[in-house]
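# Per-entry structural report
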Amino acid sequence: MAEKTTKHVVCTICDIGCQLRAEAKGGQVTRILPHENPLLAGNICYKGVAAPHIHNHPDRLRTPLKRVGKRGADRWEEISYEQAMDEIAERLSGVIEAHGPEAFAVSTSGWNTQTTHSMDRRFMNLIGSPNWVSGVSLCAGNTAAVNRLTYGWFPMPDYMKTKCIVLFGHNPRQHSWTPIYNMIKLAQAQGAKLIVLDPRVSDQAEVSDLHLRLRSGTDAAMCLGWLKVIFDEKLYDEEFVRDWCVGFEELKSRVDEYPLERVEEITGVDRELIAAAARMYASAESAVIPWTPITDQQISSTSAIRLHSILRAVTGNLDVEGGESLGGFSQNYIPESELGFHERLAPEQKAKQMGYDEHPVYTYRVAEILKEPTEKTWGYPYADLVMGCQMANPSDLFRAMSTGAPYPIKAFFVLGNNALLSYPNQHQVHKAMLAQDLIVAHEIFMTPTAMLADYVMPGDVFTERNHVADSWSWGTRLTLSEKVVEPPREASSTFQFWGDLGRRMGLAEHFPWKNLDEILDYRLSRSGRTFSEFAGESSMLFQEDEHKKYLKRGFATPSGKVELYSSVLDELGFDPLPYHREGPATSAEYPYRVFTGVRDDSFFQTGQRNIEVLRRKTPLPELFLHPKDADREGIEDGDWAKLETEFGAVAARVSVQASMKEGHVRVPHGWWYPELRGQELLSGAFISSDAVLCSDAPEFLDYEQGVPHFKGFPGRVTRTEPPESLPRMAGN
Ligand SMILES: Nc1nc2c(c(=O)[nH]1)N[C@H]1C(S)=C(S)[C@@H](COP(=O)(O)OP(=O)(O)OC[C@H]3O[C@@H](n4cnc5c(=O)[nH]c(N)nc54)[C@H](O)[C@@H]3O)O[C@H]1N2
Ligand SMILES: Nc1nc2c(c(=O)[nH]1)N[C@H]1C(S)=C(S)[C@@H](COP(=O)(O)OP(=O)(O)OC[C@H]3O[C@@H](n4cnc5c(=O)[nH]c(N)nc54)[C@H](O)[C@@H]3O)O[C@H]1N2
Ligand code: SF4
Ligand SMILES: [Mo]
């Protein structure tokens, strides 16, 4: 009988990284168990439990595949890893020779693949390409970049000690970001107040002390209203503002342009309730506004994120107990900021980065401005916070890929990211991919994006590799993930991919680590431990947090202070003060405000639709409609409906919910149908995907970062028949 082994792992099915245990027998993962530490044991959801179904799935990619049919035809031959890497290196060199290194672009989010260790950025910086795009431009990465404008870092909320939590939409649940859900529950049990701003009665809204049902896309106006109350009633930390903030008077005059009558009109929330919430937040002994994707993805994104930063600062909640901690780099783990080699990319190549001129906030343009203060305060010139502070703009990139302007992009590598469905304007992304000379995908399953590739490289998963998770420099805690089984056949890590490519392209001296264990020992060297010592000692490594570090070091901004008035935005020619901008208006033709999101419990983003135990829980995509809107449109619960914008149409089943806000429609993210492989274009990637509806036209983009408006764009909904090609699934 085969021996059972159990090891500590960090789940990478979603991006929150629960610490779990994996049990294996006979070379296969058999079970996922909660961590034995009682403080961590509640951090597990049913996607984590389902990991053996994912990792042992018969459809896992196991060998490299080379395209034999037309691009997208999904016809392949199996080739060896060596042959695939040789051919990829040769063809990439050809593209670079013909069009320059900037013609090479990469898309990855790194959430699931984890183990890239910034070797992608190192490779690109050495060959000369700035065109790295990511899902983190819509999620936390861009928030990190915008936070830096105000106080030079991206803070982490101190949930365990706080007295007040404010959730702008953000809705962690038992099966969505379980550890955050558990921490919010614990904080409430310890007496913390909860304020939720959400158009719907979300799960968090149900247990909140105050719920503000704002209109989708009006978060910036809401924050301006809060500041109006806080300034008028002198609820701010006058000493901190005097000593550590610049631009208070200018900000105050801007805030005066938003009296509560105006904010009530924009947000649709009663002014008394707005004032009550602002008072509750500002007068709490300590308070946090945790990061939220809702403000990452709307037309006033830069202002809304800045306003969260400003609220934290003026209420005295920065770098204090129960507030928001500015952690700095880990002392125990060499950060990606050192590994990525951003200093080696020539200034003229940085200036070619897509988005550099028009939407510069998360590009190299701002990274260069913040280089000196960042080095002075935090010890490195480039801050790779959640990977997001020196990215190219995806919409500009995909446009260039399909049109050749302003210059050609001809090679596209996509790793652990279902790019076709993960950015705005899916038709544009599709066109862009069809126009490439070389596409390489690194995947664990054949996704619609991988179907468009020339080579598909098989990826390993978290039970098949050693790893130390560091939350991408957002926090300083290190957690342990040990390999329990070997990856199938030729599956391997993205770390291996970049090293093997670099060595084939004359960069061997910069890729000295032959495998993951070597890079892990290198990154841990400053802790005085090797990976196996760390694994033998504990499953977590903490770094003591010191508060009010700014007293010694200042803030990593050009002025060294909290910039309420942003000198960087000013220098770039943008409004240096936050403002509300209204998204494209609804009309008689498109009368509803559509938002994407409310994550499906059963899946992470575009993944797992092929995992039966999970799919059974959520068999079909659902549009949420308010009962009155459903009546008006003659649609009943369980009917199928077509949702249309000016840019495209999708279909999904309707769930009529009294918790929805009238006039709003929810469209889920990331739906495609693995079961339609071979029957529908790219496994039904155009049937229900939100990315078909979301536009990347200028009037839908935030000015400063160029992020799309996913929260409240105009659409219309009509009853329709279920798509013929869908097998009759439960309820269809
Ligand atoms: N239209 C639209 N776009 C969005 C969003 C939206 O709501 N609407 N949401 C945004 C948000 S919040 C985020 S976080 C990003 C998420 O973007 P990503 O994190 O890139 O998520 P996915 O695009 O689903 O791609 C993940 C892919 O990784 C593969 N994978 C999983 N594990 C591994 C592994 O170990 N190795 C390899 N090689 N591959 C693996 C999965 O099969 C899946 O296809 O998307 C953003 N994009
Ligand atoms: N099971 C599961 N869990 C996940 C994920 C997953 O795919 N599946 N993805 C993970 C990732 S990457 C992310 S980013 C998070 C996202 O998860 P959350 O942060 O919870 O965000 P969403 O689920 O998109 O939407 C949350 C709420 O925002 C509200 N909302 C819509 N428009 C607006 C608006 O304009 N303003 C405000 N204030 N609220 C609005 C919606 O009504 C909804 O209740 O979930 C993570 N957790
Ligand atoms: S919440 Fe679930 S999917 Fe996400 S890391 Fe934890 S167990 Fe894995
Ligand atoms: Mo996300």
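Our subject in this report is the structure included herewith. (Residues numbered from 1 in each chain as written. Chains lettered and ligands numbered in written order. Predicted model: local features only at pLDDT ≥ 70, side-chain atom pairs only at ≥ 80, totals over all residues. Heavy atoms only, no water.)

## Considerations on the overall build of the chain
Across its full length, the chain holds 27 helices and 26 strands. Taken over the C-alpha trace, the chain has a radius of gyration of 24 Å; the compact-globule value for 732 residues is 27 Å, and the two agree within 12%. Overall size of the chain, expressed as C-alpha extent along the three principal axes, is 70 × 65 × 60 Å. With 732 residues in all, the chain has 68% of them scored as buried. Contacts in the chain between residues at least 24 apart in sequence constitute 75% of all its contacts with a sequence separation of at least 6. Carbon together with sulfur atoms contributes 48% to the accessible area of the chain, which is approximately 25,000 Å² in total. (Helix = DSSP H or I, 4+ residues; strand = E, 2+ residues; numbered from the N terminus. Rg over C-alpha atoms; globule rule 2.2 N^0.38 Å. Buried < 20%, exposed > 50% of the residue type's maximum accessible area, 1.4 Å probe, protein only. Contact = heavy atoms within 4.5 Å. Areas by Shrake-Rupley, 256 points an atom, 1.4 Å probe, with all protein chains shown as cover.)

## Section: helix α6 (residues 178-189)
Along an α-helix, a turn takes 3.6 residues, which lines up residues three or four apart on a common side. Its twelve residues place the ends of α6 16 Å apart at the C-alpha level, agreeing with the 16 Å of an ideal helix rising 1.5 Å per residue. Within α6 the residues assigned to the buried category are T178, P179, I180, Y181, N182, I184 and A187. At its buried positions, α6 is contacted by β9 (164-168), β10 (193-197) and α7 (203-206). Where α6 terminates, the next one or two residues include G191, which has phi positive at roughly 105°. (Expected span 1.5 Å × (residues − 1).)

## Details of the packing of helix α18 (residues 394-403) against helix α19 (residues 426-434)
A pair of packed helices is characterised by two quantities: the angle between their axes and the separation of those axes. For the pair α18 and α19, the least separation of the axes is 7 Å and the interaxial angle reads 45°. With respect to each other, α18 and α19 are oriented oblique. Note on packing geometry: the crossing formed by α18 with α19 is left-handed. Contacts between α18 and α19 involve F398, R399, M401 and S402 from the former and Q428, V429, K431, A432 and M433 from the latter. For the contact of α18 with α19, the residue count by class is five nonpolar, two polar and two charged. (Axes fitted to C-alpha atoms, helices over the stretch in contact; angles between N-to-C directions. Parallel < 35°, antiparallel > 145°, perpendicular 65-115°, else oblique. Left-handed = near helix turned anticlockwise from the far one by under 90°. Nonpolar A, V, L, I, M, F, W, Y, C, P; charged D, E, K, R; others polar.)

## Concerning the site of ligand 1
Neighbouring residues of ligand 1: 30 residues in total, closest S109, W111, S422, E443 and T606. In this structure, an oxygen atom belonging to ligand 1 sits 3.4 Å away from a main-chain N or O atom of N112. With respect to ligand 1, the side chain of H442 contributes an N or O atom lying 3.0 Å from a nitrogen atom. Here ligand 1 has 920 Å² of accessible area as a free molecule, and 96% of this is covered by the chains. Looking at side-chain class alone, the shell around ligand 1 contains ten nonpolar, 15 polar and five charged residues. (Near = heavy atom within 4 Å. Polar contact = N/O pair within 3.5 Å; in protein donor to acceptor, adjacent residues only side chain to side chain.)

## Examining the sheet that holds strand β18 (residues 478-481)
If you walk across this open sheet you meet the three strands as β17-β18-β19, and the pairing is antiparallel. Bordering the open sheet on either side are β17 (467-469) and β19 (540-541), each of which pairs with just one other strand. Judged from the two bridges that link them, β18 and β19 form a sheet pairing that is antiparallel. Each bridged residue has a counterpart across the sheet, and for T479 the counterpart in β19 is M540. (Pairing = 2+ DSSP bridges.)

## Quick look at the nonpolar core
One finds W226, F413 and L501 to be the most contacted residues of the largest nonpolar core, which totals 128 residues. Here this core gets ten residues from one element, more than from any other, and that element is helix α8 (residues 219-232). Two domains share this core, each providing at least three of its residues, namely domain 2 (65-132 + 334-464 + 487-524) and domain 3 (156-325 + 549-572). In this structure, W226 is in contact with V166, I195, L197, L212, I274, A277, A278, Y281 and L311, ignoring residues within four places of it in sequence. (Core = buried A, V, L, I, M, F, W, Y, C linked by side-chain atoms within 4.5 Å. Domains from an automatic or database assignment.)

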